[in-house]
Amino acid sequence: MKQVDVLIIGAGAAGMMCAIEAGKRGRSVLIVDHAAAPGEKIRISGGGRCNFTNLNAAPQNFISKNPHFCISALRRYTQRDFIGLVDRHGIAWHEKTLGQLFCDGSAKQIIDMLVAEMKRARVELRLRTTVDAVAKSGDTFELDLSGERVRCSSLVVACGGKSIPKMGATGFGYEIAKQFGVALTETRPALVPLTFDENTLVPLKPLSGISVDAVVSHGKTKFNEAMLFTHRGLSGPSILQISSYWREGDVISVAMLPGVKVFDALSAARSRNGRQALQTALGELLPKRLAQLIAENSGIETHLADLSDKQLLAVEKSVNEWQVRPAGSEGYRTAEVTLGGVDTDMLDQKTMETRSTKGLYFIGEVVDVTGWLGGYNFQWAWSSGWVAGQSV
Ligand code: FDA
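On a predicted model such as this, the values are computed, not experimentally measured, just so you know.

1. Overview of the UniProt feature "domain: RsdA/BaiN/AoA(So)-like insert" (unreviewed entry) in the chain
Mapped onto the present numbering, the UniProt feature "domain: RsdA/BaiN/AoA(So)-like insert" (unreviewed entry) falls on residues 188-337. When the span residues 188-337 is considered, its composition is 35% helix and 23% strand, and the gap between its end C-alpha atoms is 9 Å.

Structure, rendered in structure tokens:
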């Protein structure tokens, strides 16, 4: 029977990082994946350029039942460490916005880098391999891998979350957790477009394709990034970000002209040119179709000169305090990540090993640590994979 020190299920970002580090320490490592290629999510990430980390990555950019859990791993393997690795491989990169780092060329460079590092660390990579059974006897795990039985002393679960089943996401990691009595927190799609019910959607349909720079808030949480009207609801970075905090039934608040005193702008326009229509004045600040809809919805079809301050304040409110209740989200089909997962209470934050089963580790997205949009989720994959790689 084949025997290795470390067996890793999932050749994604976290699994490959763990494999590299364990291999560098002289451990024999086998990493398996049911997909035909490693790092498929890396390949499609960041529009094909992989937003591989964020210059500002810090614990406050992550959501978890225990917000302190991620601190140790993020400190031990930082964004600067990963940038160092990228630089050693001569991969050119740039900061796009808000500390988000992307490859100048293609996401494939990151995959090639990880595969080259795995080779150097003598890691065995097996693709198109299914895990048919997992068992533990004594200190050893036994796995049936596409018909072959393999033994290992450390088993690392790096199968990711449920997002984008079309790309091979299975939720298999959660099944292994259940098998070994490892608790899970509720999972839900995150970094996902939000959808409206028919009543909300019908008047907004003409706006499909329009994008504005917006501040989107849910309670005290706010994101200032682009927002896109879609044919089913709202999308764009600010909406994806807030979707990780939003729950069914909640209202979100949108400022479509953040930082602009709409009342002041409209009253100045009223003094300057009282014969101007409201939609024309708004159209100087917002996309024309959006300006038209806001003017129509406010029921004001007259010249600025006929509008009272009270009416202008109401218009300001509909532009910068638009309260809207999404009906749902686009779900795992398009969600970038899965919120929730393996309960961090069950894991040692320094190693990612389960407290209950010696030798069993969970890393990456399968764990209840979810980053904001902007390279944070890969940083969690690198950091959690790296710390596990020092311990397996
Ligand atoms: P990941 O999902 O990468 O890897 C899991 C691996 O396990 C996969 O290779 C899968 O095939 C394998 N697997 C699953 N079930 C299995 C089974 N039963 N048997 C064998 N193998 C199995 N993040 C970011 O920071 N910057 C970005 O630019 C983007 N962009 C982005 C775009 C899109 C479209 C998506 C869907 C996601 C992103 N993300 C992102 C999120 C990021 O991709 C994600 O957080 C990481 O890939 C998680 O890394 P993991 O290694 O944990 O899982």
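2. Structural notes on the site of the ligand
Taken together, 29 residues are adjacent to the ligand, and Ala14, Asp33, Thr170, Glu365 and Phe378 come closest. Here aspartate 33 contributes a side-chain N or O atom positioned 2.5 Å from an oxygen atom of the ligand. Computed on the free molecule, the ligand has an accessible area of 990 Å², of which 92% lies beneath the protein chains in the complex. Elements with a contribution of two residues or more to the shell around the ligand: helix H1 (13-24), helix H2 (40-44) and helix H13 (376-391). Of the residues belonging to the shell around the ligand, the class tally is 13 nonpolar, twelve polar and four charged.

3. Comments concerning the sheet that holds strand E15 (residues 233-235)
With antiparallel pairing, seven strands are arranged side by side in an open sheet as E17-E16-E13-E14-E15-E12-E18. The strands lining the two open edges of the sheet, one partner per strand, are strand E17 (322-324) and strand E18 (328-329). Note that strand E12 (residues 194-195) and E18 share two bridges and pair antiparallel. In the strand pairing of E18, leucine 194 is matched with serine 329. The sheet contacts of helix H12 (residues 309-320) involve strand E16 (252-255) and E17, and relative to E16 the element is tilted by about 110°.

4. Let's talk about the nonpolar core
Residues Leu7, Ile110 and Phe362 are the most contacted members of the largest nonpolar core, which totals 79 residues. The residues touching isoleucine 110, leaving out its near neighbours within four places in the chain, are Ile42, Cys50, Phe52, Phe82, Val86, Ile91, Cys103 and Trp382. One finds Ala214, Phe229, Ile300 and Leu307 within the second-largest nonpolar core, a separate group that totals 41 residues.

5. Observations concerning the pattern of salt bridges
Considering all chains together, one arrives at 17 salt bridges under this definition. Note that glutamate 330 and arginine 333 form a salt bridge whose closest N and O atoms lie 2.9 Å from each other. Using a relative accessible area of 55% as the deciding quantity, one classes arginine 333 as exposed.

6. A word on the packing of helix H9 (residues 262-272) against H12
Where H9 contacts H12, the two axes come as close as 8 Å, and the packing angle between them is 135°. On the basis of their axis angle, the class for H9 and H12 is oblique. In the packing of H9 onto H12, the handedness of the crossing is right-handed. Packed against H9, whose contacting residues are Val262, Phe263, Leu266, Ser267 and Arg270, the element H12 presents Asp309, Leu312, Leu313, Val315, Glu316, Val319 and Asn320 at the interface.

7. Side note on the UniProt feature "domain: RsdA/BaiN/AoA(So)-like Rossmann fold-like" (unreviewed entry) in the chain
Following the UniProt record, the feature "domain: RsdA/BaiN/AoA(So)-like Rossmann fold-like" (unreviewed entry) maps to residues 5-390 here. The annotated region residues 5-390 carries 32% helix and 23% strand content, and the separation between its end C-alpha atoms amounts to 13 Å.

8. What to know about the environment of leucine 304
Take leucine 304: it is sitting in the loop between helix H11 (288-297) and H12. The spatial distance from the C-alpha of leucine 304 to the C-alpha of leucine 266 is 8.0 Å, given a sequence separation of 38 residues. Those residues in contact with leucine 304, other than ones at most four positions away along the chain, are Leu266, Ala269, Arg270, Asn273, Gly274, Gln276, Ala277, Leu278 and Ala281.

The rules behind the values
Residues numbered from 1 in each chain as written. Predicted model: local features only at pLDDT ≥ 70, side-chain atom pairs only at ≥ 80, totals over all residues. Heavy atoms only, no water. UniProt positions renumbered as here; feature names shortened; annotations may be inferred. Helix = DSSP H or I, 4+ residues; strand = E, 2+ residues; numbered from the N terminus. Near = heavy atom within 4 Å. Polar contact = N/O pair within 3.5 Å; in protein donor to acceptor, adjacent residues only side chain to side chain. Areas by Shrake-Rupley, 256 points an atom, 1.4 Å probe, with all protein chains shown as cover. Nonpolar A, V, L, I, M, F, W, Y, C, P; charged D, E, K, R; others polar. Pairing = 2+ DSSP bridges. Contact = heavy atoms within 4.5 Å. Axes fitted to C-alpha atoms, helices over the stretch in contact; angles between N-to-C directions. Core = buried A, V, L, I, M, F, W, Y, C linked by side-chain atoms within 4.5 Å. Buried < 20%, exposed > 50% of the residue type's maximum accessible area, 1.4 Å probe, protein only. Salt bridge = Lys/Arg side-chain N within 4 Å of Asp/Glu carboxyl O. Parallel < 35°, antiparallel > 145°, perpendicular 65-115°, else oblique. Left-handed = near helix turned anticlockwise from the far one by under 90°.

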